[in-house]
Each structure stands twice: as structure tokens, then as C-alpha cells.
Amino acid sequence: MAEIKFEIKETLGALSQSPKGWNKELNLISWNGKEPKFDLRDWAPEHEKMGKGVTLTVEELRALRDLLNGMGL
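What this report covers is the structure whose coordinates are included nearby. (Residues numbered from 1 in each chain as written. Predicted model: local features only at pLDDT ≥ 70, side-chain atom pairs only at ≥ 80, totals over all residues. Heavy atoms only, no water.)

Another point: the packing of aromatic side chains. What the rule picks out here adds up to 2 aromatic pairs. Ring geometry for Phe6 and Trp31: centres 5.7 Å apart, planes at 45°, overall tilted. Of this pair, Phe6 sits in strand β1 (residues 6-17) while Trp31 sits in strand β2 (residues 23-31), and the two are 25 residues apart along the sequence. We classify Phe6 as partly exposed; its relative accessible area is 32%. Classification of Trp31 as buried rests on a relative accessible area of 17%. Here the aromatic rings of Phe6 and Trp43 are separated by 5.2 Å at their centres, their planes lie at 50°, and the arrangement is tilted. (Phe/Tyr/Trp six-rings, centres within 6.5 Å; stacked < 30°, edge-to-face > 60°. Helix = DSSP H or I, 4+ residues; strand = E, 2+ residues; numbered from the N terminus. Buried < 20%, exposed > 50% of the residue type's maximum accessible area, 1.4 Å probe, protein only.)

Structural data, given as C-alpha cells:
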């Protein structure tokens, strides 16, 4: 399996922290040298390990924002 390379271009914020110290973060990340995407996933404290997550383009992030705004939370 090929190694996955990533570069966190911008940390936008943390949503929560697990009892083990992992943070659920929204970041702007370049995966394998490609155009950065918005990324939501769990990260170990020093970003040495990551959990499964989801990446979103700007258009997808806007659509998610609109869905959430329409929920009336």
C-alpha cells in the first residue's frame, strides 16, 4: 500500500476532544500534493496519527453549511 502524504495548510478549529486526547478537527489539507480540501477527522495530539474522516471541496462545504443552517439547531 502506497504511503499517504499530507500537509496541513491551515487549522480551522477543533470541534471536540476525546478522553484519549484526540481532537476532531476541521483543517485545510493537501493530500499527496494535490489541491487542498477541507478535512474533518480525529487527530492524535501531535498529528502523528489520524482516524477516518471526510474531505470536502469548497462547494461541498457550502452545501453542508446550507443543510446545517436549514436544520434550525
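Here we have 4 strands laid out as an open sheet, ordered β1-β2-β3-β4, and antiparallel in their pairing. Whereas interior strands pair on both sides, the edge strands pair on one side only; in this sheet they are β1 and β4 (50-56). Strand-to-strand, the axes of this sheet are offset by a mean angle of 25°, without reference to chain direction. For β2 and strand β3 (residues 37-43), the ladder comprises 7 bridges, and the chain directions are antiparallel. (Pairing = 2+ DSSP bridges. Axes fitted to C-alpha atoms, helices over the stretch in contact; angles between N-to-C directions.)

Located in the positive-phi region is Asn32, a residue other than glycine, with phi close to 55°. Within the fold, Asn32 resides in the loop between β2 and β3. The class for Asn32 is partly exposed, based on a relative accessible area of 45%. Phi at His47 is positive, roughly 60°, even though this residue is not glycine. Relative to the elements of secondary structure, His47 occurs in the loop between β3 and β4. Owing to a relative accessible area of 26%, His47 belongs among the partly exposed residues under this scheme.

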